[in-house]
Amino acid sequence: MQLEEYLARDDRIVLPLGSTEQHAFLSLGTDSILAERVSVEAAQPLGVAVLPALAYGLTPYFGAFPGSPTLRVDTFLDVLRDLLDSLHGQGFGRILLVNGHGGNAPGAALVAEWMAANPGAQALFHNWWNGPRTWEAVQRIDPDSSHASWLENFPWTRLEGVELPAERKPMVDRARLQGEDPAGVRRLLGDGSYGGVYRRSDEEMLQVWQAGVEEVREVLEHGWR
């Protein structure tokens, strides 16, 4: 009922996209947690509705890590198309997909295709962690940042009672990683991190987070045609 009332004054809605997959010493739900939280914090001052995160995405390369289920690419794209179609059919004319998982990149092409087929609607695909200002903050703090490194280690993605290694892990050879099957990916990664330090100060993390929230809010407020 509240959403029906909301639609009388605003046709924007946010759909966070995540994944359930290994994140070394962090939560399996890291990508979904971050995508949903950054969306909520960005949208709340604007009064824009935010849906729960889509918790499953594309992560076939982590198949040798238990607890990392993946969708097939065509399944994932069909799910996104169905969600866009149904939201649009309910009256949401501007849909922002806030992505928290790099493997979901094919979704950006689907959104463009959907837009072309639905000229009366708008949909945007935004990777929250690598917007220009957010990525600038990341690079300023520590360029060695990637999957399951300090970059994803926020207070809300940590696991209680889990000790993190203190050393800096060498960055994985990405070119070699791309040529491996899931068992080979696990052999190369070991604990699952792509490399770098496992934790930085909460003050530094807040700098990255604030930039991410502000960029999502900017897209939500000014990104539409």
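**Student:** Is there a simple way to think about the packing of aromatic side chains in this case?
**Tutor:** Two descriptors summarise a pair of aromatic rings, namely the distance from one centre to the other and the angle between the planes of the rings. What the rule picks out here adds up to 9 aromatic pairs. Ring centres 5.6 Å apart and planes at 80° place the aromatic pair Phe 25 and Tyr 198 in the edge-to-face group. Taken together, the positions of Phe 25 in the loop between β1 (12-17) and α2 (30-43) and Tyr 198 in the loop between α7 (182-189) and α8 (202-222) put the pair 173 residues apart, joining distant regions of the chain. By relative accessible area, which is 25% here, Phe 25 ends up partly exposed. Using a relative accessible area of 5% as the deciding quantity, one classes Tyr 198 as buried. If you follow Arg 37 out to its NZ or CZ, it ends over the ring of Trp 156, 3.7 Å from the centre.

**Student:** Mind showing me how you'd approach the side chain of Ser 146 here?
**Tutor:** Position of Ser 146 among the secondary structure elements: in the loop between α5 (132-141) and α6 (174-178). Side chain to side chain, Ser 146 and Arg 174 meet in a polar contact 2.5 Å long. What Ser 146 contacts, discounting residues up to four positions off in sequence, is Leu 151, Glu 152, Met 171, Arg 174 and Tyr 194.

**Student:** Teacher, can you tell me more about the packing of α2 against α8 here?
**Tutor:** The axes of two packed helices give the description: the angle between them and the distance between them. It is the contact of α2 with α8, at a shortest axis distance of 8 Å, that shows an interaxial angle of 65°. When you trace α2 past α8, the crossing you get is right-handed. Together, Leu 34, Arg 37, Val 38, Glu 41, Ala 42 and Ala 43 of α2 and Trp 209, Gly 212, Val 213, Val 216, Arg 217 and Leu 220 of α8 make up the contact between the two elements. Tallied by class, the residues present in the contact of α2 with α8 amount to 8 nonpolar, 1 polar and 3 charged.

**Student:** Sorry if this is basic, but what is going on with helix α4 (residues 106-117) here?
**Tutor:** An α-helical turn contains 3.6 residues, so any two residues separated by three or four positions project in the same direction. In this model, α4 (12 residues) spans 17 Å end to end at C-alpha, consistent with the 16 Å of a helix rising 1.5 Å per residue. Listing the buried residues of α4 in full gives Gly 107, Leu 110, Val 111 and Trp 114. Projected onto a plane normal to the axis of α4, the buried residues spread over an arc of 100° and lie on a single side. Counted as exposed and oriented over 90 degrees from the buried face of α4: Ala 109 and Ala 116. Check the buried side of α4 and you find it contacts α3 (73-89), β3 (94-99) and β4 (122-127).

Cut-offs and rules
Residues numbered from 1 in each chain as written. Predicted model: local features only at pLDDT ≥ 70, side-chain atom pairs only at ≥ 80, totals over all residues. Heavy atoms only, no water. Phe/Tyr/Trp six-rings, centres within 6.5 Å; stacked < 30°, edge-to-face > 60°. Helix = DSSP H or I, 4+ residues; strand = E, 2+ residues; numbered from the N terminus. Buried < 20%, exposed > 50% of the residue type's maximum accessible area, 1.4 Å probe, protein only. Lys NZ or Arg CZ within 6 Å of the ring centre and 35° of its normal. Polar contact = N/O pair within 3.5 Å; in protein donor to acceptor, adjacent residues only side chain to side chain. Contact = heavy atoms within 4.5 Å. Axes fitted to C-alpha atoms, helices over the stretch in contact; angles between N-to-C directions. Left-handed = near helix turned anticlockwise from the far one by under 90°. Nonpolar A, V, L, I, M, F, W, Y, C, P; charged D, E, K, R; others polar. Expected span 1.5 Å × (residues − 1). Arc of directions from axis to C-beta.

Take it as geometry only, folks, not as evidence of what the structure does.
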